Amino acid sequence: MVQEQLLRRDIVDQRLLMVMSEVPRHLFVDDAMRGRAYGDHPLPIGAGQTISQPYVVASMTQALKLKGDEKVLEIGTGSGYQAAVLSRLCEQVYTVERINSLLAGARKTFDKLRYYNIRAKLDDGTLGWPENGPYDAIIVTAGGPEIPRPLVEQLSDNGRLIIPVGDQYVQELQLLEKNEGQVKITDLASVRFVDLVGEHGWNR
Ligand code: SAH
């Protein structure tokens, strides 16, 4: 996976490459999917949701430029794989999921792997997790119509936020950087994610 899908593309962060060769991705998918866990594609994880393609996990993570001492917020825990990768690259991960069965599964896997620097809760992540903010980096792994304002507010100065923004079929991966209170947004790539559902996302 690392050789063929990441190194051959534009993943150059050495810590990230190391971490993605170590985190056991097959433990984040159902038994029936294990044989396909390291393939170059997303996979279903139940409840109509998906675990992102390894390359997408890598490129979103690389864009956060983590050094090791950060506090990171993830919206959309899903299988827990993205949070697991983040947890090996920063100090503390907070992750929010709106579907209880997925949250429960992810928590079990974190415990099994002894990834103790991840805290997860059930909630509408478009509201962020204000009690623990501000965050050095925020990653949203579901696509919404706009960047949720609470997340921008909970991002620390010099922080980076990455989120897919668009309609429900295709989104642009946007990187928001905050510097001395100024916000800069850069489009990185076209992507397709499941819906970000919530007060500052799609309503259902
Ligand atoms: N990062 C996950 C990807 C899961 S797919 C992984 O590595 O497996 C995106 C997830 O976002 C889904 O589980 C979905 O339920 C969740 N989600 C969608 N809207 C949300 C919201 N407002 N708050 C929290 N989670 C949300």
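Above this text is the structure in question.
Just so it is clear, the structure is predicted and the values come from calculations on it, not from any experiment. Numbering of residues begins from 1 in every chain and follows the order in which that chain's sequence is written. Residues qualify for local features only when their pLDDT is at least 70, as the model is predicted, and side-chain atom pairs are given and counted only at 80 or more; totals for whole chains, interfaces and linings, by contrast, use all residues. Side-chain metrics in this entry use all non-hydrogen atoms of the structure; hydrogen atoms and water are not considered.

K.L.:
How would you explain the side chain of Gln 5 if you had to name every residue and give the values?
P.N.:
Secondary structure elements are defined from DSSP: runs of H or I of at least 4 residues count as helices, runs of E of at least 2 residues count as strands, and each element is numbered from the N terminus. Structurally, the position occupied by Gln 5 is in helix 1 (residues 2–7). For the exposure calls, accessible area comes from a 1.4 Å probe over protein chains only, and a residue counts as buried if that area is under 20% of its type's maximum, exposed if over 50%, partly exposed in between. Judged by relative accessible area, Gln 5 falls into the buried class, the value being 8%. Within the structure, Gln 5 has its side chain in polar contact with the backbone oxygen of Tyr 38 (distance 2.8 Å). Non-local contacts of Gln 5, meaning those with residues more than four positions away in its chain, are made with Tyr 38, Gly 39, Asp 40, Pro 54 and Tyr 55. Under this definition, polar contacts are N or O atom pairs within 3.5 Å; protein pairs additionally need one hydrogen-donor-capable and one acceptor-capable atom, and for neighbouring residues in sequence, both atoms have to be side-chain atoms. Throughout, a residue-residue contact means that at least one pair of heavy atoms, one from each residue, lies within 4.5 Å.

K.L.:
So, the pairing of strand 6 (residues 135–140): which residues are in play, and what are the values?
P.N.:
The buried fraction of strand 6 is high, at five of six residues. Strand pairing follows a simple DSSP-based rule, namely that at least 2 bridges must link the two strands. Pairing between strand 3 (residues 71–75) and strand 6: four bridges, direction parallel. Its bridge partner lying in strand 6, Leu 73 is registered against Ile 138. Bridge analysis of strand 6 against strand 7 (residues 155–166) gives four bridges, and the strand direction is parallel. Considered in strand 7, the bridge of Ala 137 is made with Arg 160.

K.L.:
I'd like a rundown of the pattern of salt bridges, residues and numbers included.
P.N.:
Whenever a carboxyl oxygen of Asp or Glu lies within 4 Å of a side-chain nitrogen of Lys or Arg, that contact is scored as a salt bridge. Going through the model one piece at a time under the given rule, you end up with five salt bridges. In this structure, Asp 123 and Lys 121 form a salt bridge, with 3.0 Å as the shortest nitrogen-oxygen distance. Note that Arg 160 and Glu 177 form a salt bridge whose closest N and O atoms lie 2.8 Å from each other. With Arg 160 in strand 7 and Glu 177 in strand 8 (residues 171–179), this pair connects stretches of sequence that are 17 residues apart. Of the two residues, Arg 160 and Glu 177, both sit in the buried class. Taken together, the salt bridges that share partners define one network made up of Arg 160, Glu 177 and Lys 184.

K.L.:
Describe the environment of Ser 156, with residues and values.
P.N.:
With respect to the helices and strands, the residue Ser 156 is situated in strand 7. The class for Ser 156 is buried, based on a relative accessible area of 11%. For the pair Ser 156 and Lys 178, spaced 22 residues apart in sequence, the C-alpha to C-alpha distance is 7.4 Å.

K.L.:
A description of the pairing of strand 8 should follow, citing residues and the corresponding values.
P.N.:
Burial of strand 8 is extensive: seven of the nine residues sit out of reach of the surface. Bridge analysis of strand 7 against strand 8 gives seven bridges, and the strand direction is antiparallel. Bridge pairing in strand 8 places Arg 160 opposite Glu 177. Here strand 7 hands over to strand 8 after four residues, the two strands then running antiparallel side by side. In the sheet, strand 8 pairs with strand 9 (residues 182–191) via nine bridges, with the strands oriented antiparallel.

K.L.:
Tell me about the site of the ligand, and please be specific about residues and values.
P.N.:
The local shell around the ligand holds 27 residues, among which Glu 74, Ser 79, Glu 97, Gly 125 and Val 197 are the closest. One of the backbone nitrogen or oxygen atoms of Arg 98 is found 3.3 Å away from a nitrogen atom of the ligand. Here a nitrogen atom of the ligand sits 2.7 Å away from a polar atom, N or O, in the main chain of Val 197. Shrake-Rupley sampling with a 1.4 Å probe provides the accessible areas, and residues are treated as covered by the protein chains on show and by no other component. Notes on the ligand: free accessible area 580 Å², of which the protein chains cover 99%. Of the two site types, the cavity is a set of points on a 1 Å grid over the protein atoms alone where a 1.4 Å probe fits but cannot get out, and the pocket is an open set with protein on both sides within 12 Å along at least five of seven lines, each lined by residues with an atom within 4 Å of a point. Being in a pocket or cavity means that more than half of the molecule's atoms lie within 2 Å of its grid points. Put simply, the ligand lies in the largest pocket. Broken down by secondary-structure element, the contributors of at least two residues to the shell around the ligand are strand 2 (49–51), strand 3, helix 4 (81–87) and strand 4 (92–97). In this text, near means that some heavy atom of the residue lies within 4 Å of the molecule or strand in question.

K.L.:
Describe the side chain of Arg 25, with residues and values.
P.N.:
Residue position: Arg 25 is located in the loop between helix 2 (14–22) and strand 1 (43–46). Under the counting rule used here, the positive set is Lys and Arg, the negative set is Asp and Glu, and His together with the chain ends is not counted. Within the buried core, Arg 25 has no salt-bridge partner, and the shortest N-O distance to an opposite charge, that of Asp 40, equals 8.4 Å. Separated by 2.6 Å, the side chain of Arg 25 and the backbone oxygen of Ala 37 make a polar contact. If sequence neighbours within four positions are ignored, Arg 25 has contacts with Met 1, Ala 37, Tyr 38, His 41, Ile 51, Ser 52, Gln 53, Pro 54, Val 57 and Tyr 81.

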